[in-house]
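So the chains spell out like this:
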Amino acid sequence: MKIFHCVIFLILCLPAMAQKKSYPARVDSLLALMTPEEKVGQLHQISSPFAATGPITPTGNFQQQIREGKIGSMLNVTGASRTRQLQEIALQSRLKIPLLFGQDVIHGYRTTFPVPLGEAASWNLQTIEQAARIAAVEASASGIHWTFAPMVDIGRDPRWGRVMEGAGEDPWLGSKIAEARVRGFQGKGLGSIASLMACAKHFAAYGAALGGRDYNSVDMSERQLRELYLPPFKAAVDAGVATLMNSFNDLNGIPATGSALLQRKILKGEWDFKGFVVSDWGSIREMQPHGFAASLEDAARIAILAGSDLDMESRAYTQHLASLVQQGKVPISLLDDAVRRVLIKKYETGIMDDPFRYCDIATEKQQFNNEVNLDAAQSIASESIVLLKNNSSVSGGSALLPLATSGQKIAMIGPLVMAKKEHLGFWSFDWPDDSARIKTVGDAVKQRLSEASDFFYARGCGLNDTDTSGFAEAVRVASQADIIVLYLGEERAMSGEAKSRSNLHLPGVQEVLAERMAALGKPIVLMLGAGRPLVFEKPAKKASAILYTWWLGTRAGDAIADVLFGKINPSGKLPMTFPRTEGQIPIFYNYLNTGRPFKNETDHNYVSAYIDLPNSPAYPFGFGLSYTQFKYGAIAVNTERPTETGTLQIAIPVTNTGKKAGYEVVQLYIRDKVASTVRPVKELKGFKKLWFEPGQTKEVTFQLTTKDLYFYANDLAYIWEPGEFVIMVGTDSDNVSSKKITWLK
Ligand code: NOJ
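Just so it is clear, the structure is predicted and the values come from calculations on it, not from any experiment.

## Looking at the site of the ligand
Around the ligand, a shell composed of 14 residues is seen, among which Thr53, Asp104, Arg162, His202 and Asp280 lie nearest. One of the side-chain N or O atoms of Asp104 is found 2.4 Å from an oxygen atom in the ligand. Between Lys201 and the ligand, the recorded distance is 2.8 Å, taken from a side-chain N or O atom to an oxygen atom. Calculation on the ligand without its partners gives an accessible area of 300 Å², and the protein chains cover 100% of this total.

## Points about the packing of helix α2 (residues 23-33) against helix α14 (residues 332-349)
At their nearest, the axes of α2 and α14 sit 9 Å apart, and the two run at 125° to each other. The angle between α2 and α14 places the two elements in the oblique class. At the point where α2 passes α14, the crossing takes the right-handed sense. Two secondary-structure elements touch here, α2 through Tyr23, Pro24, Arg26, Val27, Asp28, Leu30 and Leu31 and α14 through Asp336, Val339, Arg340, Leu343, Ile344, Tyr347 and Glu348.

## Thoughts on the side chain of Glu119
Following the sequence through the fold, Glu119 ends up in helix α6 (residues 116-120). Assessed through its relative accessible area of 4%, Glu119 is described here as buried. Only 3.1 Å separates the side chain of Glu119 from the side chain of Arg181, close enough to count as a polar contact. In contact with Glu119, other than residues within four places in its own chain, are Phe113, Pro114, Ile128, Ala131, Arg181, Ile380 and Ser384.

## Describing the layout of surface pockets
In this structure, the largest pocket encloses a volume near 1,100 Å³. Taken together, 42 residues make up the lining of the largest pocket; nearest its centre are Trp172, Glu227, Pro231, Lys685 and Tyr718. When contributions to the lining of the largest pocket are tallied by element, the ones reaching two or more residues are α8 (171-186), α9 (222-229), α10 (231-238), β21 (683-692), β22 (697-704) and β23 (711-712). Residues that form the lining of the largest pocket fall into these classes: 22 nonpolar, five polar and 15 charged. Considered as a void within the structure, the second largest pocket measures approximately 710 Å³ in volume. Ile587, Phe588, Tyr591, Asn615 and Ser616 are, among the 30 residues lining the second largest pocket, the residues nearest its centre. For the lining of the second largest pocket, the residue count by class is 17 nonpolar, eight polar and five charged.

## A closer look at the environment of Val678
Following the sequence through the fold, Val678 ends up in the loop between β20 (662-672) and β21. Once the C-alpha coordinates of Val678 and Leu592 are considered, the two residues, 86 residues apart in sequence, prove to be 6.9 Å apart.

## Observations concerning the sheet that holds strand β6 (residues 243-246)
What the three strands build is an open sheet, ordered β5-β6-β9; its pairing is parallel. With one partner strand each, in any of the chains shown, β5 (199-203) and β9 (276-278) form the two edges of the open sheet. Each adjacent strand pair in this sheet contributes to an overall mean axis angle of 30°, direction not counted. Alignment of β6 against β9, held across three bridges, turns out to be parallel. Bridge assignment links Thr243 to a residue of β9, and that residue is Phe276.

## Looking at helix α19 (residues 471-479)
Residues Phe471, Ala474, Val477 and Ala478 constitute the buried set of α19. Here the buried residues of α19 occupy an arc of 125° about the axis, which is enough to place them on one side. Where α19 is buried, its residues touch β12 (410-413), β13 (455-458), β14 (483-489) and α20 (510-518).

## A few points about the nonpolar core
Among the nonpolar cores identified, the biggest contains 173 residues, and Ile413, Phe536 and Leu564 are the most heavily contacted of them. Of all the elements, α14 adds the most residues to this core, at eight residues. Excluding anything up to four places from it in sequence, Ile413 contacts Ala458, Ala474, Val477, Ala478, Ile484, Val485, Leu486, Tyr487, Leu513 and Met517.

## Points about the side chain of Asn569
Of note, Asn569 is situated in the loop between α22 (556-564) and β17 (630-632). Accessibility expressed as a relative area gives 11% for Asn569, which makes it buried. Within the structure, Asn569 has its side chain in polar contact with the side chain of Ser626 (distance 3.2 Å). Engagement of the side chain of Asn569 in a polar contact is seen with the backbone nitrogen of Tyr627, the distance being 2.7 Å. Asn569 has contacts with Ser626, Tyr627, Thr628, Lys660, Ala661 and Gly662, leaving out every residue within four places of it along the chain.

## Things to note about unusual backbone geometry
Between Leu401 and the following residue, Pro402, the backbone shows a cis peptide bond with an omega angle of 0°. With omega at 0°, the peptide bond leading from Ile585 into Pro586 counts as cis. Among the structural elements, Pro586 can be located in the loop between α22 and β17. Although it is not a glycine, Glu313 adopts a positive phi angle of roughly 65°. Taking relative accessible area as the criterion, Glu313 reaches 2% and is therefore assigned buried. Despite not being glycine, Tyr606 has its phi angle at roughly 60°, a positive value.

## Considering the environment of Ile719
As for its placement among the helices and strands, Ile719 is situated in strand β24 (residues 718-719). Sequence-wise, Ile719 and Gly583 are 136 residues apart; in three dimensions their C-alpha atoms are separated by 35 Å. Ignoring sequence-local partners within four residues, the contact set of Ile719 consists of Ser676, Leu709, Tyr710, Phe711 and Ala713.

## A look at helix α18 (residues 441-448)
Three or more residues of α18 are buried, namely Val441, Gly442, Ala444 and Val445. Within α18, the buried residues cover an arc of 165° as seen down the axis, which keeps them to one side. Elements in contact with the buried residues of α18: β12, β13, β14, β15 (524-529) and α22.

## Looking at the sheet that holds strand β10 (residues 311-312)
Each strand in a sheet pairs with another by means of backbone hydrogen bonds, the pair being arranged parallel or else antiparallel. A sheet is described by the order of its strands in space; here five strands give the open sequence β4-β3-β2-β1-β10, paired in parallel fashion. Unpaired on one side and paired on the other, β4 (146-147) and β10 mark the two borders of the sheet. The sheet contact formed by strand β2 (residues 73-75) and strand β3 (residues 100-103) spans three bridges and is parallel. Note on β3: the bridge partner recorded for Ser73 is Leu100.

## Digging into the pairing of β3
Across a regular strand the side chains alternate sides, sitting on one face of the sheet and then on the other. Alternating positions in β3 separate into two faces, Leu100 and Gly102 on one and Phe101 and Gln103 on the other, with burial throughout. Tracing the backbone out of β2, into helix α5 (residues 80-90) and back to the parallel element β3 gives a crossover that is right-handed. In the sheet, β3 pairs with β4 via two bridges, with the strands oriented parallel. Looking across to β4, one finds that Gly102 is bridged to Trp146.

## Points about the packing of helix α7 (residues 125-140) against helix α16 (residues 371-384)
Pairs of packed helices are described in terms of their axes, by the angle between the two and the distance that separates them. For the pair α7 and α16, the least separation of the axes is 10 Å and the interaxial angle reads 150°. Note that α7 runs across α16; the crossing there is left-handed. Two secondary-structure elements touch here, α7 through Thr127, Ile128, Gln130, Ile134 and Glu138 and α16 through Asn373, Ala376, Ile380 and Glu383. Of the residues belonging to the contact of α7 with α16, the class tally is four nonpolar, three polar and two charged.

The rules behind the values
- Residues numbered from 1 in each chain as written.
- Predicted model: local features only at pLDDT ≥ 70, side-chain atom pairs only at ≥ 80, totals over all residues.
- Heavy atoms only, no water.
- Near = heavy atom within 4 Å.
- Polar contact = N/O pair within 3.5 Å; in protein donor to acceptor, adjacent residues only side chain to side chain.
- Areas by Shrake-Rupley, 256 points an atom, 1.4 Å probe, with all protein chains shown as cover.
- Axes fitted to C-alpha atoms, helices over the stretch in contact; angles between N-to-C directions.
- Helix = DSSP H or I, 4+ residues; strand = E, 2+ residues; numbered from the N terminus.
- Parallel < 35°, antiparallel > 145°, perpendicular 65-115°, else oblique.
- Left-handed = near helix turned anticlockwise from the far one by under 90°.
- Contact = heavy atoms within 4.5 Å.
- Buried < 20%, exposed > 50% of the residue type's maximum accessible area, 1.4 Å probe, protein only.
- 1 Å grid on protein atoms, 1.4 Å probe; cavity = no way out; pocket = protein on both sides within 12 Å on 5 of 7 lines; lining within 4 Å.
- Points joined across faces, edges and corners; volume = space filled by probe spheres on them.
- Nonpolar A, V, L, I, M, F, W, Y, C, P; charged D, E, K, R; others polar.
- Pairing = 2+ DSSP bridges.
- Arc of directions from axis to C-beta.
- Core = buried A, V, L, I, M, F, W, Y, C linked by side-chain atoms within 4.5 Å.
- Right-handed = clockwise from strand over helix to strand, strands pointing away.

Below is the structure:
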């Protein structure tokens, strides 16, 4: 029987395996036919002139350039018919090499999912993977081969608008999410239909831009780079990511695009990455204003030598690379290596054999109104919502949320109540029928109330204006209700690329609106829509309950209403620390203790503290409440003295002591008490998201081995050191049970 299965397997798989094996050989034969100009063409990517995601450089007659084999890839071209049209032109070129179409499919294509930071708050790796999978299915049906996602930059500074595109501040969680997203986008592997090549970006350390200002410089030790900023990239590479994108920032004085350390030594050397590196938009050209390249030609030379394979929108390679090779300034072997990497991917995606396989108008149509995808988007949207507060509005009473669907009048106030497109967030596609497709939160709430007359609404003000003329109406409307649901936030275009903010308070006059509402003395549910952690201490104090809703995508309305009324018990946990005020930034949970650690709020003398602020954040990493309560017992371990080859088994009883069923994200942290390089006070090393019925106790288990204890020493040796460790398990990074153990050599 076994032999029979083997024979069948071989018959079915051999042709595909044989073909796969022949890709490098096929690429070599093709390379042998190519002129230097045709080779460079494969490394030249331009944006569609119809849509831009960066500063435009005039393109001239790009269709003619495609015909001449001078353009190998395009971005921002979508739609089966448009991509087909251009692919037909590419097939008129001498060597008939098809174009690769790339696009920023960051959190969905036709169906918009929560912004990636919001999705990360779900701590649900399966649904995160599923969201990427659905995005890949929809986008590939529109002719797209390649997404510039996932963004895996560590974000410790919420002033940086691009934190919305990542998975937050933690390298361990960030790595798991990076893997999940790569798996989701690439599906069963390049070549299987509905797979998108993924692109881990921005390599590297872009998230550490000075002052949180986009595109700014980064200066950090290689130790910190390797320990905090590189792990999600390494995880993506290990998960088989097809491409990486380099970053705009300089790192210790060397622009990442021109960094041989990053691209040649670490990525293609130590990690043996076989895919290709695309520059960021114009980042080769930008080495001139950096003051690192004297001319565009110089920039082209530096970039190719450093390992940037494909030039997005700099026109540096197309203008100078062939002559640089001719002059002997760039070895032909490096040009060939870059072209080989790109062509291998063209083979692996299957477009060399079937250039039109992604642009099928019938499949595109089919994917355009897929209810199953929308339902999935709703489910992850509701899992991404974080409950930050849930007190009673009267002393001794029960928690304000969830709301009842009858018996009380609800006034929904604020600029986001009837918003539609705002929920799509930055990096989303505006479809002409969006306004018909997207249900507002206000409408979703109204639908769930048994009496429509219990619903009241006033906008109050815009998201970012100075006009208070709507306040009187808001006060009049709210006065008639029993409960005020106040929905405030930032504009969708306030977080994302080039959207750094120095002031993270609610923009415009929204805080004033919140004060007016609070003055009415009614219970307030505060909801906040944003792409990043905002600062909202004042309105938070006046609210009995707070829901952080990020930007949740196409199905935001229903997802939020389901949580408000308790159909869904919220389970999101913050993937970033929320500061009390901008002055605390950067603030993160895995800090070093210092020699003079903070003691308490009143004793600020000669300790590492601000004299005018507590050290603690507004909400810690990993924080999020539920409509039920969880009690953590004591940690039990199989041994208090594990050895080098041993496994530490950790168990902790967790009980749902409340009346509702729900998920809890049980988090495991460690602290290496004394080491040759100072270690963080906590490091996330595991989590489990588990469902608990009311009254149910589960023994939650984790395992650690010395693999989990490794760190980079000052001399960059990757080591672990025996000694005392604190094991911590809890509901968030601030609220843990702990146990000391000693790890023996
Ligand atoms: C610049 C952004 O930094 C990058 O993330 C994006 O993929 C490209 N533009 C293309 O839109």
